[in-house]
Amino acid sequence: MTQKQYSKEEWTARCELAALYRLIAYYRMTDLIDTHISLRVPGDSEHFLINRYGVAFDRMKASDLVRIDKSGNVQDLNFTDLAVNAAGFVIHSAIHQARHDMACVIHTHTAAGVAVSAQAKGVLPISQHALKYYNRIAYHTYEGIALSADERERLVADLGTHRAMILRNHGLLAGGPTVKHAFHEIYMLERACQIQIQAMSGGSELIIPSEDVCLRTATQFQREESEHIIAIAWNAALSLIEDQKASYTS
């Protein structure tokens, strides 16, 4: 497969998504060939891109990504006999159909993320990273491996208007209007979970900021310059895999 088979807009999206897969691997947020990241095809509300099942995230290329429709049918001519991750389709199709502001969706199974997902109180407001999600995170009860299309309605209902969600006993989900926004969401949520697990393992009493501080900090993450910070953070992350660019853009 070559770039010529796709529009310029779709190929650009594929390259960005492939880079994101590699960054998730770089930051050790992978789980063998499981978990998934999707991106809506630019200008096309009916189709989104997801990983070719079985390709390691640190080897993902733009040409490895598969275009599927909202019913899970593979649309790429060269991948017509390929099955994508069924659970990936259920989770991502639900979000893409209901939330047009979340063009990119990331789902992970990190040790810290799953550990926090199994804790009754979820994400605790004990770090600056966690306070980004103060009153801004959703929770979805575990129903088993996400293979049933019936679960999509409940996923969407639980997510509500948030961009991040804890999938109980399962992992993390985050997204945003662009690849860089989704990356920032999952990075911050993952760090919040890592910090929480390490803080709790020390056995000492945890300090919880006041309600006023929690609310103010969450609002500070929405300030005007946040968009610029997200953009330069994405570019900084890309620089870490600059030596892989020729590979992931192929």
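Every value quoted in this text rests on a predicted model; they were computed, and no experiment measured them.

A. Geometry of the overall build of the protein chain. The helix and strand tally for the protein chain stands at 9 helices and 7 strands. Relative to the 2.2 N^0.38 estimate, which gives 18 Å for 250 residues, the radius of gyration of the protein chain is 18 Å and therefore close to what a compact globule would have. Put simply, the protein chain has 250 residues, and 49% of those count as buried. Intrachain contacts of the protein chain at a sequence separation of at least 6 include 68% that bridge at least 24 residues. Counting every atom, the protein chain has about 12000 Å² of accessible surface; 50% of that belongs to carbon and sulfur. Distance from the positive charge centre (24 side chains) to the negative charge centre (28 side chains) of the protein chain: 4 Å.

B. Representation of the pairing of strand E2 (residues 47-50) within the structure. Going residue by residue along E2, you find His47 and Leu49 tucked away on one face and Phe48 and Ile50 tucked away on the opposite face as well. Relative to E2, strand E1 (residues 36-40) runs antiparallel, the two sharing 2 bridges. For leucine 39, the partnering residue across the bridge sits in E2 and is leucine 49. Adjacent in sequence and paired antiparallel, E1 and E2 are bridged by 6 residues, among which glycine 43 carries a positive phi angle near 75 degrees. As defined by bridge partners, E2 adjoins strand E3 (residues 66-69) across 4 bridges and the pair is classed as antiparallel.

C. View of the sheet that holds strand E7 (residues 171-176). Reading across from one edge, E3-E2-E1-E4-E7-E6-E5 is the order of the 7 strands in this open sheet, with mixed pairing throughout. Each edge of the sheet is formed by a strand with only one pairing partner; in this case those strands are E3 and strand E5 (138-140). With direction set aside, neighbouring strand axes in the sheet form an average angle of 25 degrees. Pairing of E5 with strand E6 (residues 164-167), which is carried by 3 bridges, proceeds in the parallel orientation. Within E6, the residue paired with histidine 140 across the bridge is leucine 167. The sheet strands contacting helix H1 (residues 8-26) are E1, E2, E3 and strand E4 (104-108), and the helix crosses E1 at an angle near 160 degrees.

D. Representation of unusual backbone geometry within the structure. Its identity as a non-glycine residue notwithstanding, threonine 35 has a phi of 70 degrees, on the positive side. Tracing the backbone shows threonine 35 in the loop between H1 and E1. Even without being glycine, asparagine 135 reaches a positive phi, approximately 60 degrees. Its place among the elements puts asparagine 135 in the loop between helix H4 (128-131) and E5.

E. Quick look at the nonpolar core. Counting residues in hydrophobic clusters, the biggest one holds 64 residues, and the most contacted among them are Leu17, Leu20, Tyr21, Ile24, Ile37 and Ile68. Residues contacting isoleucine 37, with those up to four places away along its chain left out, are Leu17, Leu20, Tyr21, Ile24, Leu49, Ile50, Asn51, His92, Cys104, Val105 and Ile106.

Rules of the game
Residues numbered from 1 in each chain as written. Predicted model: local features only at pLDDT ≥ 70, side-chain atom pairs only at ≥ 80, totals over all residues. Heavy atoms only, no water. Helix = DSSP H or I, 4+ residues; strand = E, 2+ residues; numbered from the N terminus. Rg over C-alpha atoms; globule rule 2.2 N^0.38 Å. Buried < 20%, exposed > 50% of the residue type's maximum accessible area, 1.4 Å probe, protein only. Contact = heavy atoms within 4.5 Å. Areas by Shrake-Rupley, 256 points an atom, 1.4 Å probe, with all protein chains shown as cover. Lys, Arg positive; Asp, Glu negative; His and termini not counted. Charge placed at Lys NZ, Arg CZ, Asp CG, Glu CD. Pairing = 2+ DSSP bridges. Axes fitted to C-alpha atoms, helices over the stretch in contact; angles between N-to-C directions. Core = buried A, V, L, I, M, F, W, Y, C linked by side-chain atoms within 4.5 Å.

Note that all results are geometric; they support no functional claim without further evidence.
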